[in-house]
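# Secondary and tertiary structure notes
Residue strings, one per chain:
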Amino acid sequence: MKVPASEITPRALFEQRRLLLSALALPTTLAASPALAKGAPLAATRSALPGALVMDKPTEYRDATNYNNYYEFGLDKDEPARQAQRLRTQPWTVQVDGECLKPQTFGLEELLKLAPMEERIYRLRCVEGWSMVIPWIGYSLAELLKKVEPTGKAKYVEFVTLADKAQMPGLSANVLDWPYREGLRLDEALHPLTLLSFGMYGEVLPKQNGAPLRLVVPWKYGFKSAKSLVRIRLTEKMPVTSWNAAAPREYGFFSNVNPQVDHPRWSQASERRIGEDGLFAKRRPTLLFNGYAEQVGQLYTGMDLRRWF
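The structure presented is a predicted model; accordingly, all values stated were derived computationally and were not measured.

We now examine the overall build of the chain. Across its full length, the chain holds 10 helices and 13 strands. By the burial criterion, 53% of the 309 residues in the chain qualify as buried. Across the chain, every contact between residues at least 6 apart in sequence was considered, and the portion connecting residues at least 24 apart equals 73%.

The tally for this structure, following the rule as stated, stands at 20 salt bridges. The partner of Arg181 in a salt bridge is Glu158, with the nearest N and O atoms 3.3 Å apart. With a gap of 23 residues between them, Arg181 in strand 7 (residues 181–185) and Glu158 in strand 6 (residues 156–161) connect regions that are remote in the sequence. Note on Arg181: relative accessible area 30%, which makes it partly exposed. Several salt bridges converge on common partners, so that one network encompasses Asp56, Arg123, Arg125, Glu271, Arg273, Glu276 and Arg284.

Turning next to the sheet that holds strand 6. An order of 3-2-11-6-7 is seen for the five strands of this open sheet, with the pairing classed as mixed. Each edge of the sheet is formed by a strand with only one pairing partner; in this case those strands are strand 3 (104–107) and strand 7. Averaged over all pairs of adjacent strands, the angle between strand axes in this sheet comes to 15°, irrespective of strand direction. Pairing between strand 6 and strand 11 (residues 229–235): six bridges, direction antiparallel. Looking at strand 11, one finds that Phe159 is bridged to Ile232.

Only one face of strand 12 (residues 270–273) is buried: it carries Glu271 and Arg273, and the other face, with Ser270 and Arg272, is open. With two bridges joining them, strand 5 (residues 130–140) and strand 12 adopt parallel strand pairing. Looking across to strand 12, one finds that Ser131 is bridged to Arg273. Across two bridges, strand 12 lies against strand 13 (residues 284–285) in antiparallel orientation. Bridging across to strand 13, Glu271 finds its partner in Arg284.

This part is about the environment of Val257. Within the secondary structure, Val257 sits in the loop between helix 9 (242–246) and strand 12. Relative accessible area serves as the criterion here: at 0%, Val257 is assigned to the buried category. Each C-alpha atom of the pair Val257 and Thr286 lies 8.0 Å from the other, and the pair is 29 residues apart in sequence. Apart from the residues within four sequence positions on either side, Val257 is in contact with Arg125, Trp219, Lys220, Tyr221, Thr286, Leu287, Leu288, Phe289 and Asn290.

With 81 residues, the main nonpolar core has Leu111, Leu141, Leu144, Phe159, Phe198, Trp219 and Ile232 as its most contacted residues. Sorting elements by how many residues they give to this core places strand 5 first, with seven residues. Dropping the residues within four chain positions of it, Leu144 is found in contact with Val96, Phe106, Leu111, Leu114, Leu196 and Ile232.

You can see Ala211 is positioned in the loop between strand 9 (203–204) and strand 10 (214–216). Residue class for Ala211 comes out buried when judged on its relative accessible area of 0%. Placed 127 residues apart in sequence, Ala211 and Ala84 show a C-alpha to C-alpha distance of 9.5 Å. Setting aside anything within four residues of it in sequence, one finds Ala211 in contact with Leu87, Thr89, Trp92, Leu205, Pro206 and Ser228.

Looking now at the side chain of Arg120. Locating Arg120 in the fold gives a position in strand 4 (residues 118–125). A residue is classified by how much of its surface remains accessible, and Arg120, at 2% relative accessible area, is buried. A polar contact of 3.0 Å, which involves the side chain of Arg120, links it to the side chain of Glu118. If sequence neighbours within four positions are ignored, Arg120 has contacts with Ser47, Leu49, Ala52, Leu53, Ile134, Pro135, Trp136, Tyr139, Ser140, Pro192, Leu193 and Leu195.

Here we take up the environment of Leu87. You can see Leu87 is positioned in the loop between helix 5 (79–83) and strand 2 (93–98). For the pair Leu87 and Phe73, spaced 14 residues apart in sequence, the C-alpha to C-alpha distance is 9.6 Å.

Turning our attention to the packing of aromatic side chains. Geometrically, a pair of aromatic rings is defined through the distance of the ring centres and the angle of the planes. For the coordinates displayed, the defined rule picks out 13 aromatic pairs. When the ring of Trp243 is compared with that of Tyr251, the centres are 5.1 Å apart and the planes differ by 50°; the resulting orientation is tilted. Both residues of the pair, Trp243 and Tyr251, belong to the buried class. Ring centres of Phe253 and Phe254 lie 5.4 Å apart, and the angle between their planes is 90°; on these two criteria the pair is classed as edge-to-face. Classification of Phe253 as buried rests on a relative accessible area of 6%. The ring of Tyr292 carries Arg123 above its face, with NZ or CZ at 5.5 Å from the centroid. Lying over the aromatic face of Phe253, Lys224 brings its terminal NZ or CZ to 4.4 Å of the ring centre.

The rules behind these values
- Residues numbered from 1 in each chain as written.
- Predicted model: local features only at pLDDT ≥ 70, side-chain atom pairs only at ≥ 80, totals over all residues.
- Heavy atoms only, no water.
- Helix = DSSP H or I, 4+ residues; strand = E, 2+ residues; numbered from the N terminus.
- Buried < 20%, exposed > 50% of the residue type's maximum accessible area, 1.4 Å probe, protein only.
- Contact = heavy atoms within 4.5 Å.
- Salt bridge = Lys/Arg side-chain N within 4 Å of Asp/Glu carboxyl O.
- Pairing = 2+ DSSP bridges.
- Axes fitted to C-alpha atoms, helices over the stretch in contact; angles between N-to-C directions.
- Core = buried A, V, L, I, M, F, W, Y, C linked by side-chain atoms within 4.5 Å.
- Polar contact = N/O pair within 3.5 Å; in protein donor to acceptor, adjacent residues only side chain to side chain.
- Phe/Tyr/Trp six-rings, centres within 6.5 Å; stacked < 30°, edge-to-face > 60°.
- Lys NZ or Arg CZ within 6 Å of the ring centre and 35° of its normal.

Next up, the structure:
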């Protein structure tokens, strides 16, 4: 479907950027008030990218924002929604460097203007065996990477997230070697479905969901989608990632959703959709590549997915 030129960059998107940046900087006491329980609106057009709009029923906002894995703010699912409100998301910069011709440090406002915002409805599958469906807002990560012009040596992309003990009480738990690090192969990072997200449900990202910007890679387990990014580095060698370093037998570098490759401690053949018909809902079968095989399967042609899990 061809998107009309008038809809490619909505006027509202530009008019709301200052409001959005102001909302990100609000102190904790205001963030908890009922009037600001939901963030500033973030305008976007619906994506026309194949696979970007799944037909599954979206997860309720209250579930998606109160059932989170964000260990920097606590280990229990409900802790990030409480603890992350102390996070200061303005000012914010992201350093993009490594094997590229034009390394740069981008401010948040620059990133918000870098490409037109799209709404994409993606499945999210956690390695723990639960799933959600979330309407994200952002643009393809490739839009940012092409600005720095990767060199011929670039084979991988490393993502580094914020680690600030003053703001993140969970860092004292020493669950992982902080800061949190993730990585993709360059062709995965450049795939159009790989999203740099600034919002969800029509608004700026809530802090517990990875504000002010995060990665979303819908065909991989959720921990691959790093939150609160501060650095993106192009590398020649496969980067060390946090969960792979902590438990290499349990968390591979690729971590593609695969019902035929179990976690050593549980099956991955099925999943529980959060918020769906209560605690006794029937588990649904897990889909290869989380249902995105048609779009991304060619990235792994000839690979042994059991060895390269």
